Amino acid sequence: MRKINEIFYSLQGEGFYVGTPAVFVRFSGCNLSCHFCDTLHESGIYMTDEVILQEVMKYPSEMVILTGGEPSMFIDEKFVDMLHQAGKYVCIETNGAFALPNNLDWITCSPKEGCEVVLTRMDELKLVYLGQDIIPFESMPACHFFLQPCSGKNIPETVQAVLEHPKWRLSLQTHKILNIQ
């Protein structure tokens with residue numbers, strides 16, 4: 001049984017796959033308590049893998065995004081294999097604090113303050129910009145680097161940081177701009 005906050009179908013609003021239709025499986029629970037988190041960790045229901053798959057299969061997208069909370073606390077290779085066997089491309093959005101199954105298709109690491117990243121592979125690094133020094137993050141093993149304003153509140157500062165550090169690309173939360181889930 002896995003505690004699921006919600007399963008929904010929408011467009012990926014952030015990072016490399018922005019604008020891509022995806023099924024989001026949002027887990028409840030996290031090892032951190034970020035002030036800007038948009039997950040209500042106290043809510044959610046326990047679901048079997050079979051019920052989760054039934055919900056995911058209601059939607060036409062091949063892309064499934066495991067998010068949270070912190071989904072790496074709750075998934076394993078068997079769970080990812082189940083989604084693969086159903087023809088799904090499995091992505092995760094993680095803070096990077098826990099080892100991941102080796103069979104994920106795409107890893108988005110979004111490190112947070114006070115969290116040691118243990119990942120040795122990440123396809124994209126998405127940093128919520130709070131004014132911190134971003135140079136230390138540039139040595140992380142990512143292929144793509146995205147800087148994202150914190151809840152859209154510090155866009156000018158984030159744009160300036162990207163202009164000063166061209167390794168990074170700006171990522172806006174387009175789902176919030178479009179007022180979609």
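Preceding this paragraph is the structure being described.
Given the structure is predicted, the values throughout are model-derived calculations rather than measurements.

**Q** Just give me the short version of the overall build of the protein chain, but keep the residues and values in it.
**A** Summing up its helical and strand segments, the protein chain has four helices and nine strands in all. In the protein chain, the order of α-helices and β-strands from amino to carboxyl end is β-β-β-α-β-α-β-β-β-β-α-β-α. What you see for the protein chain is a C-alpha radius of gyration of 16 Å, in line with the 16 Å of a compact globule of 181 residues. Seen along its three principal axes, the alpha-carbon backbone of the protein chain occupies a region of about 45 × 35 × 30 Å. Relative to its full complement of 181 residues, the protein chain shows a buried share of 51%. Considering only contacts within the protein chain whose residues lie at least 6 apart along the sequence, 52% involve residues at least 24 apart. Only carbon and sulfur atoms are counted for the fraction: they give 55% of the accessible area of the protein chain, which is about 9,000 Å².

**Q** Summarise the environment of L66; cite the residues concerned and give the values.
**A** With respect to the element layout, L66 can be found in strand β4 (residues 63-67). Residues L66 and K3, spaced 63 residues apart in sequence, show a C-alpha to C-alpha distance of 12 Å. In this structure L66 touches V25, F27, P71, I75, F79, L83, V90, C91, I92, E93 and L104, once residues within four positions along its chain are discounted.

**Q** Requested: an account of the sheet that holds β4, with residues and values cited.
**A** Through backbone hydrogen bonds, the strands of a sheet pair up, either in parallel or in antiparallel fashion. Overall, mixed pairing links the nine strands, which are arranged β3-β1-β2-β4-β5-β6-β7-β8-β9 in an open sheet. Sheet topology places β3 (45-47) and β9 (169-170) at the edges, where each strand pairs with a single neighbour. The pairing of strand β6 (residues 106-109) with strand β7 (residues 122-129) spans two bridges and is parallel. Among the inter-strand pairings, C109 is bridged to a residue of β7, identified as L125. Running over the sheet, helix α1 (residues 49-56) touches β1 (2-11), β2 (21-27), β3 and β4 and is turned about 10° from β1.

**Q** Please provide a residue-by-residue account of a nonpolar patch on the surface, values included.
**A** Together, L11, I177, L178 and I180 give the surface a local cluster of nonpolar side chains, amounting to about 360 Å² of exposed area. In this structure, I180 sits in the segment after α4 (174-177). You can call I180 partly exposed: its relative accessible area is 34%.

**Q** I'd like a description of the pattern of salt bridges, backed by residues and values.
**A** All chains considered together, the criterion is met by six salt bridges. The partner of D49 in a salt bridge is R2, with the nearest N and O atoms 2.5 Å apart. Of this pair, D49 sits in helix α1 while R2 sits in strand β1, and the two are 47 residues apart along the sequence. A relative accessible area of 10% means that R2 is categorised as buried. The residue K126 makes a salt bridge to E14 at a minimum N-O spacing of 2.4 Å. Separated by 112 residues along the polypeptide, K126 in strand β7 and E14 in the loop between β1 and β2 bring together distant segments of the chain. Of the residues examined, E14 reaches a relative accessible area of 10% and is grouped as buried. Here the residues in one salt-bridge network are R2, D49 and D76, joined through shared partners.

Quick notes on the rules
- Think of each chain on its own: its residues are numbered from 1, step by step along the sequence as written.
- In keeping with the predicted nature of the model, local features appear solely for residues at pLDDT of at least 70, side-chain atom pairs appear and are counted solely at 80 or more, and the whole-chain, interface and lining totals rest on all residues.
- Values reported for side chains reflect all heavy atoms of the structure, with hydrogen atoms and water molecules removed beforehand.
- Helix and strand definitions here come from DSSP, where helices need a minimum of 4 consecutive H or I residues and strands a minimum of 2 consecutive E residues; each element is numbered from the N-terminal end.
- Radius of gyration here uses only the C-alpha atoms, and the compact-globule reference equals 2.2 Å multiplied by the residue count raised to the power 0.38.
- A 1.4 Å probe rolled over the protein chains alone gives each residue an accessible area, and that area as a share of the maximum for its type sets the label: buried under 20%, exposed over 50%, partly exposed in between.
- Any two residues whose heavy atoms approach within 4.5 Å at even a single point are treated as in contact.
- Note that accessible areas follow from Shrake-Rupley with a 1.4 Å probe, and for residues the cover is restricted to the protein chains shown.
- Pairing between strands requires that DSSP locate at least two bridges from one strand to the other.
- Fitted lines through C-alpha atoms give the axes, limited to the stretch in contact for helices. The angle between two N-to-C directions lies from 0 to 180 degrees.
- What makes a patch is a set of residues exposed beyond 30% relative accessible area and free of salt bridges, joined within 9 Å when like-charged and within 5 Å when nonpolar (Val, Leu, Ile, Met, Phe, Trp, Tyr).
- Note on definitions: salt bridges are taken to be side-chain nitrogens of Lys or Arg within 4 Å of carboxyl oxygens of Asp or Glu.

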